[in-house]
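Observations on chain architecture
Chain by chain, the residues:
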Amino acid sequence: MNDEYEVSLLSTKFINKYDMDKTICRLIKFMEEYKKLEFQSSSETCLLTAKDFSQIFVDRSFNNDTYFKLDKKIDAEKEYNEISYKISIINKKMTAEEKAYFSIVFRDMKTEYVASNIIGRSRNGLKIIRNSCALKIAIAFNLDVLKSETIIDE
């Protein structure tokens, strides 16, 4: 990484344009879904492809439900990998404290009390770190809510 480029927290002026309560709520729902995908996927899954397409055949003994389950598993695996890749890119744009906060609170779903003990900040001192971290992720996944926006609950 270039030494001139310094990763920093988002400014309070920038953060104040957003409804952080709604943004964080949407982010938590998103991370819960991500967590489900994580448990559904396995990195050991490997699909083999044939070089000669004439050797590919459909086993008609499977019922449609089996194919549907397989399709869902493949889709979940793909979505999990895409989200994980995007999170790894966002992670490079976070400060060390934001990375720690993200890992503890959003990914591992532990309390802010635990985060404050590990990071070494008071719970009030974590507010700017939480808001900056949450907003960086929310903007990347289009989960951010401006204060002037009205959203329909999903």
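Quick summary incoming for the structure in this document. Keep in mind it's a predicted model, so treat the numbers as computed, not measured. (Residues numbered from 1 in each chain as written. Predicted model: local features only at pLDDT ≥ 70, side-chain atom pairs only at ≥ 80, totals over all residues. Heavy atoms only, no water.)

Turning our attention to helix α2 (residues 20-40). With 21 residues, α2 extends 30 Å between its outermost C-alpha atoms, agreeing within 8% with the 30 Å of an ideal straight helix rising 1.5 Å per residue. Of the residues making up α2, those classed as buried are Met-20, Thr-23, Ile-24, Arg-26, Leu-27, Phe-30, Met-31, Tyr-34, Lys-35 and Leu-37. For α2, the capping residue at the N-terminal end is Asp-19, with a side-chain oxygen 3.3 Å from the backbone nitrogen of Asp-21. (Helix = DSSP H or I, 4+ residues; strand = E, 2+ residues; numbered from the N terminus. Expected span 1.5 Å × (residues − 1). Buried < 20%, exposed > 50% of the residue type's maximum accessible area, 1.4 Å probe, protein only. Polar contact = N/O pair within 3.5 Å; in protein donor to acceptor, adjacent residues only side chain to side chain.)

Here we come to helix α6 (residues 126-140). The terminal C-alpha atoms of α6 lie 21 Å apart, and with 15 residues this matches the ideal 21 Å at 1.5 Å per residue to within 8%. The buried fraction of α6 amounts to eleven of the 15 residues, a majority that puts the element mostly inside the structure. Those residues of α6 lying buried are Leu-126, Ile-129, Arg-130, Asn-131, Ser-132, Cys-133, Ala-134, Leu-135, Lys-136, Ile-137 and Ala-138. Where α6 ends, the next residue or the one after it, Asn-142, has phi of about 60°, a positive value.

Scanning the entire structure with this criterion turns up five aromatic pairs. On the basis of an interplanar angle of 20° and a centroid distance of 5.3 Å, the ring pair of Tyr-34 and Tyr-80 is categorised as stacked. Taken as a pair, Tyr-34 in helix α2 and Tyr-80 in helix α3 (residues 64-91) lie far apart in primary sequence, 46 residues in all. For the pair formed by Tyr-34 and Tyr-80, the shared burial category is buried. A centroid spacing of 5.6 Å and a plane angle of 70° characterise the contact between Tyr-101 and Phe-106, whose relative ring orientation is edge-to-face. For the pair Tyr-101 and Phe-106, a shared accessibility class is recorded, and that class is buried. Grouping aromatic residues by their ring pairs yields a cluster made of Tyr-101, Phe-102 and Phe-106. (Phe/Tyr/Trp six-rings, centres within 6.5 Å; stacked < 30°, edge-to-face > 60°.)

The biggest cluster of nonpolar side chains holds 31 residues, and the ones touching the most others in it are Leu-27, Tyr-101, Phe-102, Phe-106, Ile-137 and Phe-141. For this core, the elements supplying multiple residues, two or more each, are α2, α3, α4 (96-107), α5 (112-119) and α6. If sequence neighbours within four positions are ignored, Phe-141 has contacts with Phe-30, Ile-83, Lys-86, Ile-87 and Ile-90. (Core = buried A, V, L, I, M, F, W, Y, C linked by side-chain atoms within 4.5 Å. Contact = heavy atoms within 4.5 Å.)

Quick look at the environment of Phe-39 now. Residue placement: Phe-39 occurs in helix α2. Remark: the alpha-carbon pair of Phe-39 and Ala-76, spanning 37 residues in sequence, is separated by 9.9 Å.

Let us look at the environment of Ile-104. With respect to the helices, strands and loops of the structure, Ile-104 is situated in helix α4. Taking C-alpha positions, Ile-104 is 7.7 Å from Val-114, a pair spaced ten residues apart along the chain. Those residues in contact with Ile-104 that lie beyond four places of it in its chain are Met-109, Lys-110, Thr-111, Val-114, Ala-115, Ile-118 and Ile-119.

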